[in-house]
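Residue strings, one per chain:
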Amino acid sequence: RAVEASVGVGELDKQVLRELRSWLARAGSSALAAEPDNWGLANALGRLLKTQGRHDEAEPLYRLALKGREEQLGASHPDTLGSVNNLAS
């Protein structure tokens, strides 16, 4: 309650969300290290990092997802095209 009173509920929510996103990024990185061919995970982790403003870290993950999806699914598959879109934005 003391934290709520000092910074307000809205700010507390923002702090919790930042910490949660940071934890998710670390957990995603660990999971990707264990499953480097998981293109969906690479893409999702890239999106998470991008929302955190960590564009330099997101781009290689987008490229990894795109390369894997192109090789596995083909250039015109919707998942591959989604990776193209993520990399371009």
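Everything numeric in this text was worked out from a predicted model, so none of it was measured.

About the cut-offs
- Residues numbered from 1 in each chain as written.
- Predicted model: local features only at pLDDT ≥ 70, side-chain atom pairs only at ≥ 80, totals over all residues.
- Heavy atoms only, no water.
- Core = buried A, V, L, I, M, F, W, Y, C linked by side-chain atoms within 4.5 Å.
- Buried < 20%, exposed > 50% of the residue type's maximum accessible area, 1.4 Å probe, protein only.
- Helix = DSSP H or I, 4+ residues; strand = E, 2+ residues; numbered from the N terminus.
- Contact = heavy atoms within 4.5 Å.
- Axes fitted to C-alpha atoms, helices over the stretch in contact; angles between N-to-C directions.
- Parallel < 35°, antiparallel > 145°, perpendicular 65-115°, else oblique.
- Left-handed = near helix turned anticlockwise from the far one by under 90°.
- Nonpolar A, V, L, I, M, F, W, Y, C, P; charged D, E, K, R; others polar.
- Patch = residues over 30% accessible without salt bridge, like charges linked within 9 Å, V, L, I, M, F, W, Y side chains within 5 Å.
- Areas by Shrake-Rupley, 256 points an atom, 1.4 Å probe, with all protein chains shown as cover.
- Salt bridge = Lys/Arg side-chain N within 4 Å of Asp/Glu carboxyl O.

S.K.: Can you explain the nonpolar core? Please cite residues and give values.
M.R.: Among the nonpolar cores identified, the biggest contains 10 residues, and these are A25, L32, A42, L45, L48, L49, A58, L61, Y62 and A65. For this core, the elements supplying multiple residues, two or more each, are α2 (9-34), α3 (39-51) and α4 (55-73).

S.K.: Before we move on, could you go through the environment of L66 and cite the residues and values that matter?
M.R.: Topologically, L66 is positioned in helix α4. Residue classification places L66 among the buried residues on the basis of a relative accessible area of 13%. Setting aside residues up to four positions removed in sequence, L66 forms contacts with T80, S83, V84 and L87.

S.K.: Let's hear about the packing of α4 against helix α5 (residues 78-88): which residues, and what values?
M.R.: The contact between α4 and α5 brings their axes to 9 Å, and the two run at 155 degrees. Judged by the inter-axis angle, α4 sits roughly antiparallel to α5. For the pair α4 and α5, the sense of crossing is left-handed. From α4, E59, Y62, R63, A65, L66, R69, E70 and L73 reach across to α5, where they touch D79, T80, S83, V84, N86 and L87. Partitioning the contact of α4 with α5 into residue classes produces 6 nonpolar, 3 polar and 5 charged.

S.K.: Give a description of the side chain of N86 that names residues and reports values.
M.R.: Along the chain, N86 turns up in helix α5. The residues touching N86, leaving out its near neighbours within four places in the chain, are N43, R47, K50 and Y62.

S.K.: Can you tell me about a nonpolar patch on the surface, naming the residues and giving the values?
M.R.: Side chains of L17, L20, W23 and L24 sit close together on the surface and give an oily, nonpolar patch of about 380 Å² of accessible area. With respect to the helices and strands, the residue W23 is situated in helix α2. In this structure W23 comes out as partly exposed when scored by relative accessible area, which is 47%.

S.K.: Account for the packing of α3 against α4, with residues named and values stated.
M.R.: One can describe the packing of α3 onto α4 by two numbers: an axis separation of 8 Å at closest approach and a directional angle of 155 degrees. As summarised for this structure, α3 and α4 are arranged roughly antiparallel, according to the angle between their axes. As for how α3 packs across α4, the hand of that crossing is left-handed. Between α3 and α4, the contacting residues are W39, G40, A42, N43, L45, G46, R47, L49 and K50 on the first element and H55, E57, A58, L61, Y62, L64, A65, G68, R69 and Q72 on the second. Across the contact of α3 with α4, the residue classes break down as 9 nonpolar, 6 polar and 4 charged.

That's the geometry; what it means functionally is another story.
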